[in-house]
Each structure stands twice: as structure tokens, then as C-alpha cells.
Amino acid sequence: MRLKDCYNFHDFRRMAKHRLPSPIFNYIDGAADDEVTYRRNTTAFEGCDLVPNVLRGVGDIDMSVTVMGQRLAMPVYCSPTALQRLFHHQGERAVAAAAAKFGTMFGVSSLGTVSLEEARRICDGPQVYQFYFHKDRGLNREMMARAKQAGIEVMMLTVDSITGGNRERDKRTGFAIPFKLNLAGITQFAIKPSWAVNYFRHEPFRLPQLENHVDMGRGAMSISRYFTEMLDPSMSWDDVAEMVQHWGGQFCLKGVISVEDAKRAVEIGCTGIVLSNHGGRQLDGSRTAFDQLDEIVQAVGDRIDVMMDGGVQRGTHVLKALSLGAKAVGLGRYYLFPLAAAGQAGVERALELMRIEIERGMKLMGCSSVDELTKENLRFR
């Protein structure tokens, strides 16, 4: 496949599958347990129909939104994801440059492979720093201080990952960082030599946000052990409230699903929440973000910016989420597969296709701006 022949999520996925060794492809593509939630994240949108209005004079389309004080030229953003330079040597550099080109937000993960400072130099637009809550409280404070010094305006604390999900595809291949591949996994790398050539021709793999705190080399710490041993399962609302106050700015919780938790986020001073089940990679069988969206917007949408991610593959999915009151929609695998397939050019093509789909969809819905999308435009089966 060639990049110009990719027109949707599934095309990018096929191209990435052709290029990547199976263990890496399945790390992106896989989810927890039986992957029920992973599948439902997308099928949830199918139970909702759009009801368009016609003859509305929609010559010019304004799809810009403001979320957590950040103005985005389009209502989608690139969610922070881990280990991007494993998928393509450009990694976060490609995503930062593509986000800058399209005027939207992106995030750097604690498990990112490019430093948040370098990503900030590439893109001076809206940027979030995603981090986890560690047992070492000093490390948490140090991460926030580093983000503030780098000019990051939005902190995003992931709250649904106090332990790693049961990702059985990774267990079958032995995928870990550092690599601990079994024979089947090694064989898959051997039959995709172009990935290895690309990987080893560029600078060594790093986790810059953690390298001063976690020894990921010499087999000392795998990603699964990082989640199991360094993250704090006793994290409480009091702990997060202290961090919100310490940060003193835009602070978002990623991984909220229940109305009760959304209300608590408001009470402790958060300015945003992302409804998310981590792409189905944590608790299989959990509720989808789209299915919870209306209930949570009704409860807290006038007091906090509500976003969502999970399973978004089309511009119409975005329109449905915006119609229910989401301020913006996060993309994950949607940009990771094109990143793996073609680096920055792939991410840019994916964002361009999404922009075109949203613009076309808004015209067909009879809406000139995002704030014209409402629940009246939807019917549920």
C-alpha cells in the first residue's frame, strides 16, 4: 500500500500491519482480556443516528473550539500515547509537527520517547503533559515542575492505570521494554527487517521523562513492572486535590467514566476531564466513553470541560460526540497507525482526512459552527 491510497482508519491500520513486526503492531492494536470494550468503543457510535437539517446556508464552516483555555482549529486532538518511536523513528516529533500544522492540541506522555521540552520546541501551540501518579511523591512534584518550566499549560493525570491491564497479545509475543521476546516474537521481527533497519539507524530508544528515575535498560524494568511497582494504587481524591492546587492552572483527569467521579473532579478544582477507558486496554467490560457522555455532560458540563476518547475512527463519530456536549475529542490509534505506516506524512494525512470529514459532515448537518451541534441532531436506536 501507498500512503496516497489510504482514505480511512482501516487503510492506515492495514499499512501499519504490513510494516510493523507483529509484537509492535499488536501492542498498538491490542487491548485487555477479550477486547470487548475495545470493540464496543467504536460500535457504540453505531447506535446513534444523525438527524441533519437542510437549507441552512452553510457556505463557511468554523470547526474551532476552546477547551481548557486552549483554542484548537479543529475539535479533535492527538491524545498522549507511549513509546511512539518504537512505531516510527520520528515518534512524537512527527505528531508535534503535524499538530502544529493543523492547529490542534497534542500531548506528550510520561512514557514518551521524546522529551516534552523538545516537543515544545517543535510545536508552540496547545500541548498537554500526561503523567501517572507515582508512589514517590517527590517524583510527582518534580514532573509538574519540569512541565511548568517547559511552558506546558495543561497537566493531564491518567487515573485509570494504577495497575496494568491484562493485555494477552503482549504476553503471547513477550513484548516488553526492554524487549524480552519469545521465539515467536523474534521470528516476527526477522521477517520485517525494514523496521529493524529503520530503528537501529537512528538514535537509541529513550524514555526521557523517566530516565533519571527509572532504569529501563539492562532488563531492570519493563513497562509492565513500571505500572506494577512504581505507580501508586492507593492514589486518592485527596492526593489529586493537592496536585491540582500545587499546579495552579489547567488540570485534567483522564480516565473518568462515572458521574460520581466527574462531580468529584469538579469539587477538587479540575478544569477538564477526559471520559476514557484507555482504549479498552485496562478494564475489559467497562462502559464506553460515548455511552457515558450525555449523562456526565448533563451532570457537570456547565462547570468543567468534558472531553472523550476511545474508538473514534470517523468525522461523524466526532460530530456525534460534539452534539452530546463534548468540548473536544481525543484520537489515539487513529493517528498511531498512520504514524507507524509513514511517520509525519502519515499523521498529517490522517488529520487532513479527519478535517475534511468533519467539515463535510457539518455542511451536511446544516451547521456552520460547532456550537450549532446539539442533542436535537441525534436519535438513539
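It should be emphasised that the depicted structure is a prediction, and the values quoted were computed from it without experimental measurement. (Residues numbered from 1 in each chain as written. Predicted model: local features only at pLDDT ≥ 70, side-chain atom pairs only at ≥ 80, totals over all residues. Heavy atoms only, no water.)

Draft legend 1. Geometry of the packing of aromatic side chains. Tallied over the entire structure, the rule returns 8 aromatic pairs. Between the aromatic rings of Tyr 129 and Phe 131, the centroid separation amounts to 6.2 Å while the plane-to-plane angle is 15°, which identifies the pairing as stacked. Of the two residues, Tyr 129 and Phe 131, both sit in the buried class. Members of the aromatic cluster, each reached through a chain of ring pairs, are Phe 9, Phe 25 and Phe 337. Across from the ring centre of Tyr 38, 4.0 Å away, lies the NZ or CZ of Arg 333, which sits over that ring. Arg 349 extends its terminal NZ or CZ atom over the ring of Tyr 7, reaching a point 5.4 Å from the ring centre. (Phe/Tyr/Trp six-rings, centres within 6.5 Å; stacked < 30°, edge-to-face > 60°. Buried < 20%, exposed > 50% of the residue type's maximum accessible area, 1.4 Å probe, protein only. Lys NZ or Arg CZ within 6 Å of the ring centre and 35° of its normal.)

Draft legend 2. Structural detail: the pairing of strand β11 (residues 328-331). Of the two faces of β11, both are covered, the one formed by Ala 328 and Gly 330 as well as the one formed by Val 329 and Leu 331. Looking at chain direction, strand β4 (residues 76-78) and β11 are connected through 3 bridges and run parallel. Paired with Tyr 77 across the bridge in β11 is Gly 330. Sheet topology note: the strand β10 (residues 305-309)/β11 ladder contains 3 bridges and is parallel. (Helix = DSSP H or I, 4+ residues; strand = E, 2+ residues; numbered from the N terminus. Pairing = 2+ DSSP bridges.)

Draft legend 3. Inspection of helix α7 (residues 137-149) at higher detail. Helix length check: α7 (13 residues) gives 19 Å between terminal C-alpha atoms against 18 Å at 1.5 Å per residue, within 8%. Buried within α7 we find Leu 139, Asn 140, Met 143, Met 144 and Ala 147. Across the axial projection of α7, the buried residues extend over an arc of 140°, all falling on one side. Directly after α7, the chain includes Gly 151, whose backbone phi takes a positive value near 90°. (Expected span 1.5 Å × (residues − 1). Arc of directions from axis to C-beta.)

Draft legend 4. Region of interest: the side chain of His 278. Tracing the backbone shows His 278 in the loop between β9 (272-275) and α14 (289-300). One polar contact links His 278 to Asp 160, side chain to side chain, over a distance of 3.1 Å. (Polar contact = N/O pair within 3.5 Å; in protein donor to acceptor, adjacent residues only side chain to side chain.)

Draft legend 5. The pattern of salt bridges, seen in detail. Within this structure, the stated rule accounts for 22 salt bridges. With its nearest N and O atoms 2.6 Å apart, the salt bridge here joins Arg 93 to Glu 118. Here Glu 118 lies in helix α6 (residues 116-122) and Arg 93 lies in helix α5 (residues 92-102), a separation of 25 residues in the sequence. Judged by relative accessible area, which is 24%, Arg 93 ranks as partly exposed. On the accessibility criterion, Glu 118 (21% relative accessible area) is partly exposed. (Salt bridge = Lys/Arg side-chain N within 4 Å of Asp/Glu carboxyl O.)

Draft legend 6. Spatial organisation of the packing of helix α2 (residues 22-29) against helix α16 (residues 333-365). It is the contact of α2 with α16, at a shortest axis distance of 10 Å, that shows an interaxial angle of 160°. One finds that α2 runs roughly antiparallel with respect to α16. Two packed elements cross with a definite hand, and for α2 against α16 that hand is right-handed. Packed against α2, whose contacting residues are Phe 25, Ile 28 and Asp 29, the element α16 presents Arg 333, Leu 336 and Phe 337 at the interface. Here the residues of the contact of α2 with α16 are counted per class, giving 4 nonpolar, no polar and 2 charged. (Axes fitted to C-alpha atoms, helices over the stretch in contact; angles between N-to-C directions. Parallel < 35°, antiparallel > 145°, perpendicular 65-115°, else oblique. Left-handed = near helix turned anticlockwise from the far one by under 90°. Contact = heavy atoms within 4.5 Å. Nonpolar A, V, L, I, M, F, W, Y, C, P; charged D, E, K, R; others polar.)

Draft legend 7. Representation of the state of the cysteines in the model. A complete count under the given rule lists 0 disulfides for this structure. No disulfide involves Cys 78; its sulfur sits 9.8 Å from the nearest other cysteine sulfur, which is in Cys 123. Here Cys 252 is not cross-linked by a disulfide; its sulfur's nearest cysteine counterpart is in Cys 270, at 7.6 Å. (Disulfide = S-S within 2.5 Å.)

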